Amino acid sequence: MSAEFDLVIRNAQVATASDTFTSDIGVVGGRIVQMGVRLSTGAREIDARGRTTTPGGIDAHCHLDQPIAPPAKMTDDFETGTRSAACGGTTTVIPFAAQQKGGSLRAAIDDYHERANGRASIDYGFHLIVTDPTPEIMATELPALIAEGYSSFKIYMTYDDMKLNDGQILRLLALARTHGAMAMIHAENTECIAWLTESLLESGLSAPRYHVASRPMLVEREATHRAISLAELVDVSMLLVHVSGREAVEQIQWARARGLKILSETCPQYLLLTAEDLGIDDGYEGAKCVCSPPPRDAASQQAIWAALADGTFTVFSSDHAPFSFDDDQGKKPGGREVAFPYIPNGIPGIETRLPLLYSEGVLTGRISANRFVELTATNPAKTYGLHPRKGTIAIGSDADLVIWDERSVLLTNAMLHHAVDYTPYEGRTVGAWPAYTISRGEVVWDGERFLGTPGRGRFLQRGLPTMIARRPPPSGAAR
Ligand code: DUC
Ligand code: ZN
Ligand code: ZN
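Note on numbering: residues in each chain are counted from 1, in written sequence order. Chains carry letters from A onward and ligands carry numbers from 1 onward, assigned in written order. Given that the model is predicted, a residue must reach a pLDDT of at least 70 before its local features are reported, and side-chain atom pairs must reach 80 or more before they are shown or counted; all residues, however, enter totals for whole chains, interfaces and linings. Hydrogens are left out, water is left out, and the side-chain values use all remaining heavy atoms of the structure.

Draft legend 1. Representation of the nonpolar core. Counting 107 residues, the largest nonpolar core has Leu142, Phe153 and Leu240 as the members making the most contacts within it. Only heavy atoms matter for contacts: two residues are in contact if any of them lie within 4.5 Å across the pair. Beyond its immediate chain neighbours, meaning those up to four positions away, Phe153 contacts Leu128, Val130, Leu142, Ile146, Leu172, Leu175, Ala176, Ala181, Met182, Ala183 and Met184. With 19 residues, the next largest nonpolar core counts Tyr156, Leu239, Val241 and Leu386 among its residues. Grouping buried Ala, Val, Leu, Ile, Met, Phe, Trp, Tyr and Cys residues that are joined through side-chain atoms within 4.5 Å yields what is termed a nonpolar core. Here's how the labels work: a residue is buried when its accessible area is under 20% of the maximum for its type, exposed when over 50%, partly exposed in between, all with a 1.4 Å probe on protein chains only.

Here you go:
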């Protein structure tokens, strides 16, 4: 008798964003087709008794093979980045296709498809990064791309090759409102950073740890408040990415109290690292943790934990930005230890994101398994137009699943599957790791081995975000 299912997961202790229950999960053709007790046979069966089973993670903020100014080059491409993601329980990634100033968004998308095609081992979509919102791009290209499934774009308030001014941001927010797209904002005050950087360098303070002094909390707080005000003026939702500490959290809570639908994201580095990880002396090791915004202090870590627990944060992403340490295309540009403004920004974390949050959040009781699912899968899917195909465990959804093994694991870079030569979490112990990662019904990680193949990952044409409502165009000049 042939099996009714391709795969049956038996006795799974399922956690969704809303419910916890025990069920078998029957999979045919990569989708969940039946849930219940005593399902009939599968061609393959996995017994998950005693193990929490969650939707596969969606990492909605990661950078893979993103072209940047030489000599820097990202260490992970779509092959190594998605392999690493899968081994840590992530089944969907949404990295960024960045417009070059003077170039088109379409060219960025075409280039990025070439980079992903044949290499990704899990499913992927692309956010856009808008760096040059010309009238033509605003009138035609961006609306067309949103309709084609690139339904989110990132706006930078800093970085010379990316930043937009307030007028450009207003126009993009208005466009997001009209077309139902999700605008993501990197909120740091660029003029403050430039002034502080100049002063620090003039005083001879150039070690990696001065990166923190060049981007204090105030810089993020001011930009967060300004971004919220711009969104209020346009009357549109918006998502603040990589929120790092207390003062930015306070701005978001202030906005919510005013009735504004401001969404927000944080990342493992703001829970688990502090400014001290960038150095307590002028040594160069701290370059490993140079990212923007930088990690803050213990009080900010507590504020981020509290905001994860109380529902303030919408999503939890890695902001994986892979640059190797001992690499002349990475943290030592041209083979040299450089002043902090020239250190490529970013830290690796695509594989450790879920085990760290499960371990430090769920196993410690800071958040429930349901909230873990909401932050890492369901809300990312709703925020970026992938729900209910992704982000939940339900009949009809893709069979993207993680079966958790609650065991003690010593984190070392040697056990990870990215191409980066370090992890900022070296030597830390986590209390859980995926026993299985399942992508569209296929086991891509079995607790010991990566079993996916480059090219099996599919491009996801996304719908509009379902976290926000589509709105009529705003009135007035911002139109
Ligand atoms: N900050 C960003 O905004 N993007 C990539 C990495 C980083 O540190
Ligand atoms: Zn950013
Ligand atoms: Zn980023």
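There is more to say, and it comes next.
Draft legend 2. Molecular detail of the coordination of the zinc ion (ligand 2). Only nitrogen, oxygen and sulfur atoms qualify as donors, provided they sit within 2.8 Å of the metal or within 3.2 Å for Na, K and Ca; with water excluded from the atoms, sites may seem incomplete. Within the protein, the atoms that donate to the zinc ion (ligand 2) are Lys154 (NZ), His186 (ND1) and His242 (NE2), at distances of 2.1 to 2.2 Å. Note on geometry labels: four donors, all angles 85 to 135 degrees, give tetrahedral; four donors become square planar and six octahedral when opposite donors are over 155 degrees apart and every other angle is between 65 and 115; remaining cases are irregular. Around the zinc ion (ligand 2), the four donor atoms sit at angles spanning 83 to 129°, and that spread fits a shape best called irregular. Mapping the donors of the zinc ion (ligand 2) onto the primary sequence gives the spacing K-x31-H-x55-H. What makes Lys154 buried here is its relative accessible area of 1%. On the basis of relative accessible area, His186 is assigned to the buried category, the value being 1%.

Draft legend 3. Structural view of the sheet that holds strand β9 (residues 123-124). Between any two strands, pairing holds if DSSP finds at least two bridges. Helix numbering and strand numbering both begin at the N terminus, where a helix is a DSSP run of H or I of at least 4 residues and a strand a DSSP run of E of at least 2. Strand order in the open sheet formed by three strands is β6-β7-β9, and the pairing between neighbours is parallel. Two strands bound the open sheet, and with one partner strand each, they are β6 (57-59) and β9. Pairing of strand β7 (residues 90-93) with β9, which is carried by two bridges, proceeds in the parallel orientation. When the bridges of β9 are listed, Val93 appears paired with Tyr124.

Draft legend 4. Representation of the pattern of salt bridges. Each salt bridge in this description consists of a side-chain nitrogen of Lys or Arg and a carboxyl oxygen of Asp or Glu lying within 4 Å of one another. Evaluated as defined, the whole model comprises 30 salt bridges. The partner of Asp166 in a salt bridge is Arg226, and the shortest N-O contact between them spans 2.8 Å. Of the two residues, Asp166 is situated in helix α4 (residues 166-179) and Arg226 in helix α7 (residues 217-234); the sequence distance between them amounts to 60 residues. Of the residues examined, Asp166 reaches a relative accessible area of 29% and is grouped as partly exposed. The partner of Glu220 in a salt bridge is Arg296, with the nearest N and O atoms 2.9 Å apart. One end of the pair, Glu220, is in helix α7; the other, Arg296, is in the loop between α9 (268-272) and α10 (298-309), with 76 residues separating them in the sequence. Under the relative-accessibility criterion, Glu220 is labelled buried at 3%. Given a relative accessible area of 9%, Arg296 falls into the buried group.

Draft legend 5. Just the coordination of the zinc ion (ligand 3), in detail. Protein ligation of the zinc ion (ligand 3) involves His61 (NE2), His63 (NE2) and Asp319 (OD), the donor distances falling in the range 2.0 to 2.1 Å. For the zinc ion (ligand 3), the single-chain donor residues occur in sequence as H-x1-H-x255-D. The distance between the zinc ion (ligand 3) and the zinc ion (ligand 2) comes to 3.9 Å. Here the residue His63 occupies a position in the loop between β6 and α1 (78-87), and Asp319 occupies one in the loop between β15 (315-316) and α11 (353-362), the gap between them amounting to 256 residues. You can call His63 buried: its relative accessible area is 6%. Asp319 gets classed as buried once you look at its relative accessible area, which sits at 9%.

Draft legend 6. Broad picture of the site of ligand 1. Contacts to ligand 1 come from His63, Lys154, Tyr156, Tyr159, His186, His242, Cys291, Ser292, Asp319, Ala321, Asn345 and Gly346. Between ligand 1 and Tyr159 there is a distance of 3.5 Å, counted from a nitrogen atom to a side-chain nitrogen or oxygen. One of the side-chain N or O atoms of His186 is found 2.9 Å from an oxygen atom in ligand 1. Only the protein chains shown count as cover for residues, and the accessible areas themselves come from Shrake-Rupley with a 1.4 Å probe. In the complex, the protein chains occlude 94% of the 240 Å² of accessible area that ligand 1 would expose alone. Buried and open spaces are told apart on a 1 Å grid over the protein atoms alone, a cavity being a set of points where a 1.4 Å probe fits but cannot get out and a pocket being an open set with protein on both sides within 12 Å along at least five of seven lines. Residues with an atom within 4 Å of a point are the lining residues. A molecule is said to be in a cavity or pocket once over half of its atoms fall within 2 Å of that pocket's grid points. According to the grid-proximity analysis, the pocket containing ligand 1 is the largest pocket. Each residue is assigned to one of three groups, with Ala, Val, Leu, Ile, Met, Phe, Trp, Tyr, Cys and Pro labelled nonpolar, Asp, Glu, Lys and Arg labelled charged, and all others, Gly among them, labelled polar. For the shell around ligand 1, the residue count by class is four nonpolar, six polar and two charged. Nearness here has a simple test: a residue counts as near a molecule or strand if at least one of its heavy atoms is within 4 Å of that partner. The term polar contact refers here to a pair of N or O atoms within 3.5 Å; inside protein, the definition further demands a hydrogen-donor-capable atom paired with an acceptor-capable atom, and it admits residues adjacent in sequence only when both atoms are side-chain atoms.

Draft legend 7. Examining helix α8 (residues 246-257) more closely. Helix length check: α8 (12 residues) gives 16 Å between terminal C-alpha atoms against 16 Å at 1.5 Å per residue, within 8%. All buried positions along α8 are accounted for by Glu247, Ala248, Val249, Gln251, Ile252 and Ala255. Contacts made by the buried residues of α8 are with α7, β13 (238-240), β14 (262-266) and α10. One or two residues past the end of α8 sits Gly259, with phi positive at roughly 90°. Expected span of a helix: the number of residues minus one, times 1.5 Å.

Draft legend 8. Region of interest: the environment of Val212. Along the chain, Val212 falls in helix α6 (residues 210-214). Relative accessible area serves as the criterion here: at 17%, Val212 is assigned to the buried category. The sequence separation of Val212 and Ile58 amounts to 154 residues, and the corresponding C-alpha distance is 29 Å. With sequence-adjacent residues up to four places away left out, Val212 is seen in contact with Ala275, Leu278, Pro294 and Pro295.

Draft legend 9. Here's a closer look at the layout of surface pockets. In this structure, the largest pocket encloses a volume near 1,100 Å³. Forming the boundary of the largest pocket are 41 residues, of which Tyr159, Asp161, Pro341, Ile343 and Asn345 lie nearest the centre. Looking at the lining of the largest pocket, the elements that each hand over two or more residues are β11 (152-156), α5 (190-202) and α6. For the lining of the largest pocket, the element with the most residues is α5, which contributes six residues. Classifying every residue of the lining of the largest pocket by side-chain character gives 21 nonpolar, 13 polar and seven charged. Grid points are joined across faces, edges and corners, and a volume is the space filled by probe spheres set on the points.

Draft legend 10. Focus on α1. α1 sits mainly inside the fold: eight of its 10 residues count as buried. Those residues of α1 that sit buried are Phe78, Thr80, Gly81, Thr82, Ser84, Ala85, Ala86 and Cys87. For α1, the secondary structure elements touched by its buried residues are β7, α2 (105-116), β9, β19 (433-439) and β20 (442-445). Two or three places before Glu79, at the opening of α1, Asp77 has a side-chain oxygen 2.9 Å from that residue's backbone nitrogen. Phi turns positive, to about 95°, at Gly89, one or two residues after α1.

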